[in-house]
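Here are the chains, one letter per residue:
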There are 2 protein chains.
Amino acid sequence: MTETLTLESVKEHIRNVPDFPIPGIQFKDITTVLQKPELFSFVADTIAEHYQHKGITKVVCIESRGFILGGAVAHKLGAGFVPIRKPGKLPAETYAKDYQLEYGTDSIEIHKDAITSSDRILLHDDLLATGGTANAAIDLLKVFNPVAIYPCFFIELGFLNGRKYLGNYEVTSLIHF
Amino acid sequence: MTETLTLESVKEHIRNVPDFPIPGIQFKDITTVLQKPELFSFVADTIAEHYQHKGITKVVCIESRGFILGGAVAHKLGAGFVPIRKPGKLPAETYAKDYQLEYGTDSIEIHKDAITSSDRILLHDDLLATGGTANAAIDLLKVFNPVAIYPCFFIELGFLNGRKYLGNYEVTSLIHF
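These figures come from a predicted structure and were not determined experimentally.

Asks: What am I meant to see in the sheet that holds strand E4 (residues 80-84) of chain A here?
Replies: All names here are of chain A. Judged by pairing direction, the sheet is parallel, and its 5 strands sit side by side in the order E4-E3-E7-E8-E9 without closing on themselves. With partners counted over all chains shown, the strands left at the sheet margins are E4 and strand E9 (172-176), one partner each. Across this sheet, the average inter-strand angle for adjacent strands is 20°, counted without regard to direction. Taken together, the 5 bridges between strand E3 (residues 58-62) and E4 define a ladder with parallel strand orientation. Considered in E4, the bridge of Val 60 is made with Val 82. Contacts from helix H4 (residues 66-77) reach E3, E4, strand E7 (120-128) and strand E8 (148-156) within the one sheet, and its direction differs from that of E3 by about 175°.

Below you can see the structure in the form of structure tokens.
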């Protein structure tokens, strides 16, 4: 790959899959970025460099695509990795948070011993869409009263306005549609 | 943390959760390792160093806990990241493989454009138990006729003999129970 890497060039490698998982949705497939060594490195390094002076102690990631770049970024920053998972997946004591979907509700969980009040948290998911999951994740993290919470997304679907549900946090997204 | 890190000391930080997810199972919870920065770094670095001279081009990881260390290792090795997922999660054309569970069957998928015959593959999951999922993953990878496949696990439950179903591959596990 001889092109100079920029976020614009990364964006061109995201695959648009029409009508997935249901008719009318234009799915943004990031596997076509992750599988290219140069692009995967560039994206993870870009996120890590953005937060390198924030004193991040834990990278909290939302199951399951959030684990991929989140694992790389936590390692690069020398931080711990904490998963937020679907109900029934985490084996020890958890806090749970329900949140609204278009039809019905969903829930996410975090281990009660995963965070302390001295942590500075990078909260990562691959996608910010309507903001429902991210907002629930922030509510879970606030229980621990950490020093800081920085929400960070690889892709933001700006037309869905998810950012406005995330309060006054410093929200960072690399790629915008 | 002042202790000298070894795999034995990492093992002591794995949390045993009795009767999860069902009675009689002693669940090995790795979140207590991942959330400690020193331990997470040590484990990811140990895996990456083991494969650093193998010319790994893709790290293929099994959903979803396999994504965490797999993401860190792929980044450290400068390799691409490829997910193997449950049915219906990958949006483009896939190969699928069914495999036997104790009761019934399960299935995993990989994108058809994820691997080429020139790839050298590190196949990672967090746990080698009965070997059913890992064996199915190897079958999926063999379709691409890659140069090499190296299966690598964080934890191996040796008493379940999963390793014997993985053929003649060079299987590496960091922690043994």
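Asks: Is there a simple way to explain the relation of the copies chain B and chain A in this structure?
Replies: Two chain copies, one operation linking them: a rotation about an axis together with a shift along it. For these two chains of identical sequence, chain B goes onto chain A by a turn of 180° and a shift of 0.0 Å along the axis, with RMSD 0.0 Å. The superposition operator between the copies reduces to a two-fold rotation axis. Among all residues of chain B, the one whose C-alpha sits closest to the rotation axis is Ala 72 of chain B, at a distance of 1.9 Å. When the interface residues of chain B are mapped onto chain A, 100% of them again lie at the interface, so the same face is used by both copies.

Asks: Got a minute to help me understand the sheet that holds strand E8 (residues 148-156) of chain B in this structure?
Replies: Residues and elements named next belong to chain B. With respect to topology, 5 strands assemble into an open sheet ordered E4-E3-E7-E8-E9, the strand pairing being parallel. Among the strands making up the open sheet, the edge pair consists of strand E4 (80-84) and strand E9 (172-176). Within the sheet, the average angular offset between the axes of one strand and its neighbour, ignoring direction, is 20°. Sheet strands in contact with helix H5 (residues 132-142) are strand E3 (58-62), E4, strand E7 (120-128) and E8, and its direction is about 165° off that of E7.

Asks: Sorry if this is basic, but what is going on with the interface of chain B and chain A here?
Replies: Accessible area lost upon the coming together of the parts is a frequently used measure of interface size. Contacts between the two partners involve 42 residues from chain B and, on the opposite side, 42 residues from chain A. When the buried surface of chain B facing chain A is broken down by residue, Gln 35, His 75 and Pro 91 of chain B rank first, second and third, together holding 22% of it. Where chain B packs against chain A, one counts 2 salt bridges. We note a salt bridge from Arg 15 of chain A to Asp 113 of chain B, for which the minimum N-O separation is 2.7 Å. Among the elements that make up the side of chain B that touches chain A, the one with the highest residue count is helix H4 (residues 66-77) of chain B (7 residues). Here the side of chain B that touches chain A is composed, by residue class, of 19 nonpolar, 12 polar and 11 charged.

Reading the values: the criteria
Residues numbered from 1 in each chain as written. Chains lettered and ligands numbered in written order. Predicted model: local features only at pLDDT ≥ 70, side-chain atom pairs only at ≥ 80, totals over all residues. Heavy atoms only, no water. Pairing = 2+ DSSP bridges. Helix = DSSP H or I, 4+ residues; strand = E, 2+ residues; numbered from the N terminus. Axes fitted to C-alpha atoms, helices over the stretch in contact; angles between N-to-C directions. Contact = heavy atoms within 4.5 Å. Least-squares fit on C-alpha atoms with pLDDT ≥ 70 in both. Buried area = accessible area lost by both parts, 1.4 Å probe. Salt bridge = Lys/Arg side-chain N within 4 Å of Asp/Glu carboxyl O. Nonpolar A, V, L, I, M, F, W, Y, C, P; charged D, E, K, R; others polar.

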